[in-house]
Amino acid sequence: MAISSNLGFPRIGAKRELKKALENFWNKKISQEELIETGKNIRAQNWKLQAEAGINHIPCNDFSFYDHVLDTVIMVGAIPERYLNADEFDTYFAMARGKSTLKAMEMTKWFDTNYHYIVPEIAHKQKFSLNAKKVLNEFKEALALGIKTRPVILGPVSFLLLSKTDGNHVDINAHIEQLTEVYCQLLKSLDEVGAEWIQIDEPCLVLDLNSEMEQIYKNSYEKLARAISKTKLLLTTYFGSLANNLSLATKLPIQGLHVDLTRAAHELDTLLNAIPSHMTLSAGIVDGRNVWRNDLSKSKTLLKKIEDKLGSERVIIGPSCSLLHVPVDLDTEKNLANEAKAWLSFAKQKIAEIALLTEANADFSKSDASVQQRKTSTLIHNDAVKERLQTTTEDSYKRKNNFSIRRSLQQKKLNLPLFPTTTIGSFPQTSEVRAARVALKAGSISQVEYENKMKADIKDAISFQEEIQMDVLVHGEFERTDMVEYFAQKLKGFIVSEYGWVQSYGSRCVRPPIIFGDIYRDKPMTVEWSTFAQSLTKKPMKGMLTGPVTILKWSFVRDDQPLETTCKQLALALRDEVVDLESAGLAIVQIDEPALREGMPLKKKDWNHYLDWAVKCFRLSASGVKDETQIHTHMCYSEFNEIIKSIAAMDADVISIEASRSNMELLQTFKEFSYPNDIGPGVYDIHSPRIPNESEMEELMVNALKYIPKEKLWVNPDCGLKTRKWEEVKPALKAMIECARALRKQYAKEKVANA
Ligand code: GLN
Ligand code: ZN
C-alpha cells in the first residue's frame with residue numbers, strides 16, 4: 001500500500017489558540033512560558049490528530065510562532081544585525097513586528113496565496129551559521145509522544161530566491177555555497193537523530209527559472225545528498241506544475257519528489273516517464289488550497305495509474321501543499337446546512353481523506369454521494385443565472401461611448417475643479433463602530449439601533465468632508481466588517497463560515513467566504529447606505545463596491561467550473577448593483593479591484609489568459625451605466641509596469657492607485673505608456689500613522705505632473721483609511737486639500753500663460 005502523508009498542518013489551532021496566546025503575550029497578559037506552552041499543546045494536538053487518523057508521514061517544524069520563512073532566517077543565522085539582542089523571543093518578534101523605532105522586516109505574499117511571509121534580508125557579505133534548535137526540538141518533542149515525524153524545512157535555493165539584498169534580488173551565486181554548507185550540517189544532525197525522511201520545500205521550482213538556476217540547484221543538492229547517510233530527502237514542489245523544471249527536478253539526487261497533482265495533473269504522464277526508478281513519487285492529490293471534499297473514487301483511479309506504473313512501494317499520497325491554507329476543522333461549524341457541509345472538507349477532514357485513500361477496500365460512498373449531489377443540487381445550480389451569462393453580448397462588456405465623450409458628459413454633470421480631491425472609501429473603523437457590531441451580534445442592541453449608530457457616523461464623516469471642502473465624498477464604509485465578507489453575506493451562492501479561519505500573517509487570520517453555487521443578487525446591497533449619504537450633501541457621493549476579481553480572489557471558489565465563469569456571475573450581480581446605484585441618483589460608482597494584480601498566475605505564459613478574463617469581468621460589472629455616470633476603480637500596489645495595458649483596458653473613468661509609499665515608483669510606467677483615462681496616484685501613505693504635510697504631498701504631485709497631464713490628475717490617499725485614527729486622518733486630509741488648492745493656483749495660472 002502507498003504511504004499516507006501530510007505536508008503541514010494549520011498552526012493557529014482549531015479555536016485560534018495561537019492568535020490569542022500571541023496577542024496576550026504581546027500585551028504582556030501572559031508570560032513567555034505560557035506562550036511556549038500553548039505552542040507545545042497545539043503541536044501535540046496536531047500530531048496526535050494525524051497519528052490517530054493513520055497518517056504515516058507526519059510533519060514537524062511546520063509549526064511557527066509567526067512565520068516559517070522567519071524561522072528559516074533564524075535557522076541559517078541570517079538575522080539582520082539591527083534586531084540582534086540577547087532575548088531570542090524579543091529578537092524574533094522585533095523582526096516580525098518591529099519594536100519602538102525599529103521597523104519590522106518587509107512582508108509579502110507567499111506565491112499566489114493570501115499567506116504573507118517575512119522577506120529575509122541577505123547582506124552582501126552575509127555569513128550563515130546553523131541554529132537547528134527549533135527543528136531538532138520539535139522532532140524530539142514528537143518522538144517523546146511516540147510519533148516519528150518528518151521534519152519540514154524550506155530548501156536553500158527557494159530561501160535565497162525569496163530573499164532580498166537591499167530590496168533587490170539576491171545574488172544567488174554569491175551565497176549558495178555557504179548556505180548549502182549550513183544545510184549540510186542541518187541534514188546531518190537530522191540524520192543523526194533518526195529522521196527517516198526530510199521534507200525539503202522548493203516551491204520556486206514551479207516558477208519560471210532562468211537557465212543559470214539549473215546548475216545552482218544541481219550543485220547545491222549534490223552536496224546535500226552527500227551530507228546524509230540513512231535519511232531520505234523528499235523534495236516538495238507545490239502551487240503549480242514543474243513544466244520546464246521537470247527534468248531538472250527528476251535529475252536531482254533526491255529519494256522522493258512531491259508534485260501538486262491538483263494543479264499539474266496534465267503533467268502526470270510526462271512525470272511518470274521521467275521519474276528514475278530509485279525515486280519515490282509523492283502525489284499531492286488532496287487540494288490543500290481549497291475546501292471541497294475530495295472525489296475519492298476519482299483520486300483512487302489516478303492513484304492506481306501511478307501505482308501500476310511505479311509500484312505502490314514507491315508512492316506517497318498527500319495534500320497538494322501544506323494545509324496551512326485551509327481552515328482547521330469542519331466539525332466546529334454548527335450553523336451550516338447539512339447538505340452544504342457534506343460538500344466541504346477542512347484540514348482535519350482532508351487528513352482523513354488521505355488516510356482513506358491508502359486503505360484497501362475503503363468505503364467511498366459518502367464522497368461519491370457528495371460528488372453526485374454537487375452536480376445536481378438546486379442549491380448550487382440556478383438555470384436563470386446560467387442563462388443570463390449565456391445572453392451577454394459583446395456590448396455587455398463595453399460602455400456606450402469612448403472615454404473622451406464620456407469625460408465631457410461627466411464633467412458637465414459633476415463640474416469638478418482641476419485636481420479633484422477624493423478618498424478611497426473607508427474612514428476609521430473606531431472601537432465604537434466595532435463594538436456596535438459585536439453588540440448587534442450578541443443581541444444587546446437592535447438592528448435599528450445599530451443602523452442609527454452607523455448613520456450617525458456617516459453624517460459625521462460627511463460633515464467633516466464638507467468642512468474641508470473635499471470634492472467627491474464617500475460615506476465611510478462603517479457598516480462593513482470587510483470589503484469581501486460584506487458582499488458575500490448579501491449575495492446568493494456564498495457560505496460565510498463561523499470558524500473557517502486561515503492564517504494571513506502572524507496572529508492575523510482571515511475567514512474567506514466560500515463560493516459554492518451560482519451567484520446572484522436578490523436585492524440591492526449598498527443602495528440604502530449610499531442614498532442616505534447622498535441625501536446629506538449636494539456634493540457628489542461615490543457608491544462603493546468591491547470588484548468581481550477581488551471577491552473571487554479573497555474567497556474559496558467552487559472547483560466545478562472555470563474561475564472565469566464564477567467571476568462573470570459575480571460581475572453580473574455587481575452590475576445590477578451599479579445600475580441600481582445610478583438609478584438611485586449616485587453620479588459616481590467606485591468598483592475596487594485591489595486583488596487584481598495578486599491574482600496573476602505564477603507562470604508568465606498564463607498571464608494573458610488571466611488578464612483577459614479579469615479585465616472582461618470588471619468591464620461587465622461596470623458597463624451597464626450611462627455615459628455620464630463616472631466609474632472609478634482602485635488598486636493598492638505600485639508595480640504596474642507589466643500590466644498597465646490591461647489596467648487601461650479596464651476603461652474605468654478614474655483609477656486611484658498606491659503611489660506615495662513607493663515614492664511614485666509607478667511613474668516609471670507612465671514614461672513609456674500614456675494612460676488614457678483619469679488617474680489619482682496616492683499622496684498619503686495610509687499604512688503609517690505618520691501625518692504627511694502639504695508640501696510633501698505637493699512634491700509627489702509635481703513629480704506626477706512630469707508624466708501625467710494635469711487634466712487627468714486626481715488627488716487622493718493611497719488606500720482606504722479604516723485602519724487609521726481620526727486624529728491622523730483629519731489633519732492629513734486637510735493637508736491634502738491644501739495641496740490640491742496650491743496646485744490649482746499654480747497650474748490654472750499656467751494655462752492662462754500658455755494660452
Ligand atoms: N474601498 C476600500 C476602502 O477604502 C478599498 C480597500 C482596499 O483597497 N483594500 O477600505
Ligand atoms: Zn487599497
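Here the residue numbering is sequential within each chain, running from 1 through the sequence in written order. Chain letters start at A and ligand numbers start at 1, both assigned in the order the entries are written. Residues qualify for local features only when their pLDDT is at least 70, as the model is predicted, and side-chain atom pairs are given and counted only at 80 or more; totals for whole chains, interfaces and linings, by contrast, use all residues. Excluding hydrogens and water, the side-chain figures rest on all heavy atoms present in the structure.

Draft legend 1. Inspection of the coordination of the zinc ion (ligand 2) at higher detail. Note that water is not among the atoms used; donors are N, O and S atoms within 2.8 Å of the metal (3.2 Å for Na, K and Ca), so sites may look incomplete. Binding of the zinc ion (ligand 2) to the protein goes through His 634 (NE2), Cys 636 (SG) and Cys 719 (SG), at separations of 2.0 to 2.3 Å. Here the zinc ion (ligand 2) is ringed by 4 donor atoms whose angles at the metal span 91 to 121°, and the overall shape comes out tetrahedral. Mapped onto the sequence, the residues coordinating the zinc ion (ligand 2) show the spacing H-x1-C-x82-C. When its relative accessible area of 2% is taken as the criterion, His 634 is described as buried. Each residue is assigned to one of three classes by its accessible area relative to the maximum for its type, calculated with a 1.4 Å probe on protein chains only: buried under 20%, partly exposed between the two thresholds, exposed over 50%. A residue is classified by how much of its surface remains accessible, and Cys 636, at 24% relative accessible area, is partly exposed. A four-donor site is called tetrahedral if each angle lies between 85 and 135 degrees; a four-donor site is square planar, and a six-donor site octahedral, when trans pairs exceed 155 degrees and the remaining angles lie between 65 and 115; all other cases are labelled irregular.

Draft legend 2. Spatial organisation of the environment of Gln 561. Here Gln 561 shows up in the loop between strand 18 (556-557) and helix 22 (563-583). The class for Gln 561 is buried, based on a relative accessible area of 17%. Not counting residues up to four positions away in its chain, the partners in contact with Gln 561 are Asp 518, Thr 566 and Gln 569. Think of a polar contact as two N or O atoms within 3.5 Å of one another; within protein, one of them needs to be a possible hydrogen donor and the other a possible acceptor, and neighboring residues in sequence only count if both atoms come from side chains. Looking at Gln 561, its side chain comes within polar contact range of the side chain of Thr 566, at 2.9 Å. The helix count covers DSSP runs of H or I at least four residues long, the strand count covers runs of E at least two residues long, and both are numbered beginning at the N terminus. Contacts were defined at the residue level, with two residues in contact if any of their heavy atoms lie within 4.5 Å.

Draft legend 3. View of the packing of helix 2 (residues 32-53) against helix 13 (residues 347-357). In this description, a line fitted to the C-alpha atoms serves as the axis of each element, helices being fitted only across the stretch in contact, and the angle between N-to-C directions of two axes falls anywhere from 0 to 180 degrees. Two numbers describe how helix 2 lies on helix 13: the axes approach to 9 Å, and their chain directions differ by 30°. In terms of orientation, helix 2 lies roughly parallel with respect to helix 13. Crossing handedness for the pair helix 2 and helix 13: right-handed. Across the interface between the two elements, Leu 49, Gln 50 and Ala 53 of helix 2 pack against Lys 348, Ile 351 and Ala 355 of helix 13. Under the convention adopted here, Pro, Cys and the residues Ala, Val, Leu, Ile, Met, Phe, Trp and Tyr are nonpolar, Asp, Glu, Lys and Arg are charged, and Gly plus all remaining residues are polar. Of the residues belonging to the contact of helix 2 with helix 13, the class tally is 4 nonpolar, 1 polar and 1 charged. When an angle is under 35 degrees it counts as roughly parallel; over 145 it counts as roughly antiparallel; between 65 and 115 it counts as roughly perpendicular; any other value is oblique. The handedness criterion is simple: a crossing whose near helix is rotated anticlockwise from the far helix by less than a right angle is left-handed, and one whose near helix is rotated clockwise is right-handed.

Draft legend 4. Broad picture of the pattern of salt bridges. What counts as a salt bridge is simple: a side-chain nitrogen of Lys or Arg found within 4 Å of a carboxyl oxygen of Asp or Glu. Considering all chains together, one arrives at 42 salt bridges under this definition. Ionic pairing is found between Arg 558 and Asp 560, a salt bridge with its closest N-O pair at 2.7 Å. The class for Asp 560 is partly exposed, based on a relative accessible area of 35%. A cluster of three or more residues bridged by salt bridges with shared partners is formed by Lys 386, Asp 518, Arg 558 and Asp 560.

Draft legend 5. Region of the structure containing empty space enclosed by the protein. Grid spacing is 1 Å over the protein atoms alone, the probe is 1.4 Å, and a cavity is where that probe fits but cannot get out, while a pocket is an open set with protein on both sides within 12 Å along at least five of seven lines and lining residues have an atom within 4 Å of a point. Grid points are joined across faces, edges and corners, and a volume is the space filled by probe spheres set on the points. Overall, the coordinates contain 4 cavities of 30 Å³ or more when judged by the stated rule. The calculated volume of the largest cavity comes to roughly 260 Å³. Lining the largest cavity are 23 residues, and of these Arg 11, Asp 62, His 68, Val 152 and Asp 201 sit closest to its centre. Of all elements in the fold, only helix 3 (68-75), strand 5 (150-154) and strand 8 (197-201) reach the threshold of two or more residues within the lining of the largest cavity. Among the elements that line the lining of the largest cavity, the one with the most residues is helix 3, at 4 residues. Classifying every residue of the lining of the largest cavity gives 11 nonpolar, 7 polar and 5 charged. By volume, the second largest cavity is sized at about 60 Å³. Along its surface, the second largest cavity is lined by Tyr 397, Lys 398, Arg 399, Phe 618, Arg 619, Ala 622, Ser 623, Ile 631, Met 650, Asp 651 and Ala 652.

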